[in-house]
Structures are given as C-alpha cells and as structure tokens.
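As a plain string of letters, each chain reads:
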Amino acid sequence: MEINIPKTSEVMKALLKADYTTLWRNRRATIMVLIVPMIIVFSWKSMASMPMFGGAFVLSNAITLGLVAIGLMGYTNSIARDREKGVFQRLRVSPLPLWTIMASRLLVQLTLILVLTIVVFISGYQFDHITMPASGYAITFLVSIVGGAVYLALGQAIVGRIQNPETVNSSVRLIYFAFIMVGMFGQFDAFGPEFKKAVVWTPYGTVREILANGLEPAKWTNHTSMALLVTIGYTIIFATLGIKWFKWSTR
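The shown structure was predicted, so the numbers you read here are calculated from the model rather than taken from an experiment.

Participant: How would you sum up the overall build of the chain? Please name residues and give values.
Facilitator: Helix and strand counts for the chain come out as eleven helices and zero strands. Mapped from its N terminus to its C terminus, the chain presents α and β elements in the order α-α-α-α-α-α-α-α-α-α-α. Computed over its C-alpha atoms, the radius of gyration of the chain comes to 19 Å, within 12% of the 18 Å expected for a compact globule of 251 residues. Counting only C-alpha atoms, the chain reaches 70 × 35 × 35 Å along its principal axes. Expressed as a percentage of contacts within the chain between residues at least 6 apart in sequence, the contacts between residues at least 24 apart total 78%. A total of about 13200 Å² of accessible surface is found on the chain, and carbon and sulfur atoms cover 67% of it.

Participant: An account of the confidence of the model for the chain is needed here, citing residue identities and associated values.
Facilitator: Mean pLDDT over the chain: 86, with 95% of residues reaching 70 or higher. Per-element confidence in the chain is highest for helix 11 (residues 222-245), whose mean pLDDT is 94, and lowest for helix 5 (residues 87-92), whose mean pLDDT is 76.

Participant: Requested: an account of the packing of helix 4 (residues 55-85) against helix 8 (residues 165-186), with residues and values cited.
Facilitator: Running from N to C, helix 4 and helix 8 cross one another at 170 degrees; their axes reach a closest spacing of 9 Å. Classed by the angle they form, the pair helix 4 and helix 8 counts as roughly antiparallel. The segment helix 4 lies against helix 8, with Asn61, Leu65, Val68, Ala69, Leu72, Met73, Thr76, Asn77, Ala80 and Glu84 engaging Pro165, Val168, Asn169, Val172, Arg173, Ile175, Tyr176, Phe179, Ile180 and Met184. Partitioning the contact of helix 4 with helix 8 into residue classes produces 14 nonpolar, four polar and two charged.

Participant: Go over the nonpolar core with me, naming the residues and quoting the values.
Facilitator: Membership of the largest hydrophobic core comes to 61 residues, with the highest contact counts inside it found for Leu59 and Leu67. Element by element, the count of residues in this core is highest for helix 4, at 15 residues. Apart from the residues within four sequence positions on either side, Leu67 is in contact with Ile113, Leu116, Ser144, Gly147, Gly148, Tyr151, Val207 and Leu211.

Participant: Break down the environment of Thr167 for me, citing the residues and quoting the values.
Facilitator: Within the fold, Thr167 resides in helix 8. Taking the C-alpha atoms as reference points, Thr167 and Ile232, 65 residues apart in sequence, are found 28 Å from one another.

Rules used throughout
Residues numbered from 1 in each chain as written. Predicted model: local features only at pLDDT ≥ 70, side-chain atom pairs only at ≥ 80, totals over all residues. Heavy atoms only, no water. Helix = DSSP H or I, 4+ residues; strand = E, 2+ residues; numbered from the N terminus. Rg over C-alpha atoms; globule rule 2.2 N^0.38 Å. Contact = heavy atoms within 4.5 Å. Areas by Shrake-Rupley, 256 points an atom, 1.4 Å probe, with all protein chains shown as cover. pLDDT = per-residue confidence, 0-100. Axes fitted to C-alpha atoms, helices over the stretch in contact; angles between N-to-C directions. Parallel < 35°, antiparallel > 145°, perpendicular 65-115°, else oblique. Nonpolar A, V, L, I, M, F, W, Y, C, P; charged D, E, K, R; others polar. Core = buried A, V, L, I, M, F, W, Y, C linked by side-chain atoms within 4.5 Å. Buried < 20%, exposed > 50% of the residue type's maximum accessible area, 1.4 Å probe, protein only.

Quick look at the structure:
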C-alpha cells in the first residue's frame, strides 16, 4: 500500500494556518504585547522633544520592550503550553519534517514583530509627532527582526532548560521584569555611570542601540556595528543552548 506523503509546502501552509488561528484566538495576549510599547511612547512624550533623548530614543525603547514581550511572554509560554498538552509529540509521529514545526511558529512570531514595529511607528507619529527618514524606517524593520531573534532564542533556551510550564511562566515573568529594570532604568544613570556602561552590552542595550541608530542611519557608528555583532552573538549562543536542551515532551 502506497503512502502519500504531503509536500513540504502543503505542510507549511497547514501549520501556518493552525498557528495563525491560535494567535487570533489568543488575541487578547497579543493586544497586551502591543499595548505596553504604546504606553511607553505615550508616557515618554516629553522625552521625544528633548535634545539629549529624541524620538529615536523613545521609539527604540518601545520596540525593544515589545520584542522582549514577544520572545519571552508570548513565544516561550506558547511552546511550553503546547509541549505540556502533547501537541509536539503528536506532530512528531506524523510524516512531517521536524523543522517545519518550529519554522511555522517562528514565522508567526516574525509577523508579530513586524506588526509591533508598525504599531510603534504609528503611535510615535500620532502621540509624539515623531517622524524619521524613510531609510530609517526601512532599516528598523530589518533590525527589529535581528533584535527579535535574540529574545526568541532566549525564550527557546528557557523553555528548553525548564520543563514545567508553570515554572517557565514564572521564570519568564521574572526575566522580563529584570530586563525592564536593568535595561530601561539603567540607561538613565539610576544605578550609576559604571552600571550604565555595562547595560549597553546587555541584550536589551545592544538591541536598543541598533534600533536607535537604525532609525537615524546618519548616526550609525562603529560602536553600533559592534552592538549588532554582539546581538548576533547572543542569538547564536541562546539558540545553540535552546536546541541542545529542548525536549519535545515533558515525559
């Protein structure tokens, strides 16, 4: 008896349809991911007009915070939840290439990253009257994907190392809060100048750096290029650990 194995393109279409349907059903969580950066844009309106900060500073922080939320609060919890329900285990016994399972979910997160970036741009224009050069918007879309990859990889490492979904949820909340405290407030000299210098090279600091200078390409320097390389380095490290530790089931 001949078994018809579906084409990879058909498999991807089916998986993407299922993942986008799940995203729509959980749209309240998605809306919360988008609302937090909008709050930052609205509450930091006065900073947008300050010479020492500016519009790029506000937008880059808002996008960075949204990327952290997508990678940690969204992607990580969804992977942990589906693994606990046995979704991955059932997909593994089907005639599907294993890479398509995760590729579909990552493509959905990529879409969410692009939506987040657009929402922040629109919010910045509507609330703070922030405008950037067209090249800045184009570069920022690309840089947002690079920055988002860091937190998706970090989320993969967390869900790979921790099996229990409740522990995963509490861990990502703690890490998310740490990013807010260290990343956002560390850049205001709240913890001293030495700590501020260290924050620049954290995942939050490097992503914010490349986003801010991506919005204003004329200000892109060697320091920004180094931040980009460090960001890619973080992604490789987290992704390697996430792939090494990940288990398809909790049993």
